[in-house]
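Chain by chain, the residues run as shown.
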Amino acid sequence: MPDEVHQALLDHFELERHIGGYAAEAQADAREGARKAAAKLLGCDPEEIALTESAQSAWAKAFYSFSFREGDRIFCWASEYAGNAVAFLQAAKRHAKLEVLPMRPDGIVDLDALEAALKSLPETARAVVALTHIQTNSSVVQPAAAVGKLAREHGAVFILDACQSIGQIPVDVRSLLCDFACATGRKWLRGPRGTGFLYARASALNHASGLVGEPPMIDHVSARWTQSHVYKLAPDARRYEMWETSPALHMGLKKALELCEHVGPQHIQRKSTGLAAALRQKLASIKGVRCCDAPASLEEAQVEGVSRCAIVTFEAFSDLGITSEAIKGALAKQRIAVSVSPPFHTFNDEDWRQPSVVRVSPSYYNDESEVDVLAQKIKGIIETLSENSGMRAP
Ligand SMILES: Cc1ncc(COP(=O)(O)O)c(C=O)c1O
C-alpha cells in the first residue's frame, strides 16, 4: 500500500475519533469521492458505480440480481474464477442451464464456440455471458471486447470479472461493451482490503432481455420507502449498495484510484508486463523450473484484444519433489512475497490433479534489479531444496 493511501486511512480514523463518525463522513464525502474516482478510471458515469466490500461481493450482487427462468443459459469458459463458478453451479441447481465453452489450445477463450452457442439459443431462453478478463494464475488477457460484442449482438447480459485487470491494464468499460464489471481495491490498485466496486451500465438495469431483476438484498439506500407498502429501487448502480460503509476505507480507495489515474494505466501495464517478461526469461534459464502462466502457443496467437499481463507463475520439476509452498516459504524468509495458486478450481477434471504453482505479480513500483534478485533467490532455493531432498536440478 502506498504511503498516501495509508495516510488517507489514518487521517479519516483520526477525524472520526475527534469529531465522531457522522460528522467525519459529512466532511469527507468519502463515498461519492471514491465513486467518482472509480468512474473516471473506468470511463463511465459515477451513477454506474456501486461501492462494495470486495470484487467478489460486487460480482455476486450483480449475478444474484439475474432472475433466471427455466432454460435460461449461463455461458462461461473453464477459465472462470472459482468464486463465480460456484455461483453458476448453484444457479444450475435451480433454473439456469450452465454451458462451459471450450478454451483454445493457446489459452484464449473460444469465440467461435460462444457465437455458435448464442446462435443456437432457443427462442424462449435468455443468456448471461460471463468472462474472467484475467484469470487468477494466468498471464492471458482475454478478448473482453469481442465477447462483449457477441453478447450485445445476441441480446445476452455480459458480466465481466475485471478483478485482475482493473489497475493492472487500461480498462474502458464502454469499449469492452460489458453490462457489469467487478473490481477489487486490494490488488493492482494498491488500495485497502475490504474495498471493491461494481460497474453496472445504466441501461443494463433495464436490460431488454428482462434478465436483470432486483438486487437480492435491499435496504433504505438501495431503495426508497415511498409509501407504507411501496418502495422504489435506486434508479442507478446505488441499488447495489447499503446504508453502512467504512468512510475510511473509501478515502483509502479514492486515493488509490487517483494514484492509478495519475501514474497512468498504460504506464502501469508497460512497466509491470516488461518486468514480468524479464522474469520469465530469467526463470527459463534456471534448471528445474518451468513457467506455466500461458501455453507456449499463445506467442503465435493473433487475436485482437489478447495480450500477456504481469502475472507470472512457475513450478519446480515434479521429480525434484519441491512443492510450491516450500518455495513460497523460503522466499518469505527473505522478505519476498509471492503466493501459491492451487491447481483445482477449474471446470476441467484433469487440472484438479496438477500441482500448485508459485505466483509472482511484479508491480510498476518494482524494478529490474529486484527481478534479478528474485531470480537469483529462486535459483538458490531450488538448488538447496533439491540437495536436501537428495535430487539434483537437471
Ligand atoms: C479473477 C478474480 N476474480 C475475483 C477475485 C476475488 O477478489 P476479492 O477477494 O478481492 O473479492 C479474485 C481474487 O483473487 C480473482 O483473482
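Residues numbered from 1 in each chain as written. Predicted model: local features only at pLDDT ≥ 70, side-chain atom pairs only at ≥ 80, totals over all residues. Heavy atoms only, no water.

Caption draft 1: The site of the ligand, seen in detail. Around the ligand sit 13 residues, and of these Q56, T136, D161, T184 and R186 come closest. With respect to the ligand, the side chain of S54 contributes an N or O atom lying 3.5 Å from an oxygen atom. Q56 has a polar backbone atom sitting 2.8 Å from an oxygen atom of the ligand. Surface burial for the ligand is 91%, taken as the share of its 400 Å² of free accessible area covered by protein chains. When the residues that make up the shell around the ligand are grouped by side-chain class, the tally is 4 nonpolar, 6 polar and 3 charged. (Near = heavy atom within 4 Å. Polar contact = N/O pair within 3.5 Å; in protein donor to acceptor, adjacent residues only side chain to side chain. Areas by Shrake-Rupley, 256 points an atom, 1.4 Å probe, with all protein chains shown as cover. Nonpolar A, V, L, I, M, F, W, Y, C, P; charged D, E, K, R; others polar.)

Caption draft 2: Quick look at the packing of helix α1 (residues 3-19) against helix α2 (residues 21-28). At a minimum axis distance of 7 Å, the contact between α1 and α2 shows a crossing angle of 130°. Looking at the two axes, α1 sits oblique to α2. The hand of the α1/α2 crossing is right-handed. Along the contact surface, α1 presents H12, L15, E16 and I19, while α2 presents G21, A23, A24, E25, Q27 and A28. (Axes fitted to C-alpha atoms, helices over the stretch in contact; angles between N-to-C directions. Helix = DSSP H or I, 4+ residues; strand = E, 2+ residues; numbered from the N terminus. Parallel < 35°, antiparallel > 145°, perpendicular 65-115°, else oblique. Left-handed = near helix turned anticlockwise from the far one by under 90°. Contact = heavy atoms within 4.5 Å.)

Caption draft 3: Examining the packing of aromatic side chains more closely. In the structure shown here, the tally under the stated rule is 10 aromatic pairs. Measuring from centroid to centroid gives 4.8 Å for W59 and F63, while their planes differ by 15°, and the two rings are stacked. Placement of both W59 and F63 in helix α4 (residues 55-63) is noted, with a separation of 4 residues, approximately one turn of the helix. A single burial state applies to W59 and to F63, both of which are buried. Arranged with centres 6.3 Å apart and planes meeting at 85°, the rings of F66 and F68 form a pair that is edge-to-face. (Phe/Tyr/Trp six-rings, centres within 6.5 Å; stacked < 30°, edge-to-face > 60°. Buried < 20%, exposed > 50% of the residue type's maximum accessible area, 1.4 Å probe, protein only.)

Caption draft 4: View of the domain arrangement of the chain. We note that the domain assignment places domain 1 (3-262) and domain 2 (265-389) within the chain. Between the C-alpha centres of domain 1 and domain 2 the distance comes to 28 Å. Between domain 1 and domain 2, the contact holds 36 residues from the first and 33 residues from the second. When the area that domain 1 buries against domain 2 is broken down by residue, the three leading residues are N137, S139 and W188, summing to 23%. Taken together, the connections running from domain 1 to domain 2 amount to 0 salt bridges. The tally of links between domain 1 and domain 2 comes to 8 residue pairs in polar contact (both at pLDDT 80 or more). The leading source of residues in the side of domain 1 that touches domain 2 is helix α5 (residues 82-94), at 4 residues. (Domains from an automatic or database assignment. Buried area = accessible area lost by both parts, 1.4 Å probe. Salt bridge = Lys/Arg side-chain N within 4 Å of Asp/Glu carboxyl O.)

Caption draft 5: Local environment of the sheet that holds strand β6 (residues 157-161). Strand order in the open sheet made by the 7 strands is β1-β8-β7-β6-β4-β2-β3, with mixed pairing throughout. Sheet topology places β1 (49-52) and β3 (97-101) at the edges, where each strand pairs with a single neighbour. Each neighbouring strand pair of the sheet contributes to a mean axis angle of 20°, computed without reference to strand direction. Examined bridge by bridge, strand β2 (residues 73-77) and strand β4 (residues 127-132) share 3 bridges and lie parallel to one another. Along β4, the bridge assignment pairs R73 with A127. The strands touched by helix α3 (residues 30-42) within the sheet are β1 and β8 (196-200), with β1 carrying the most contacts at an inclination of about 120°. (Pairing = 2+ DSSP bridges.)

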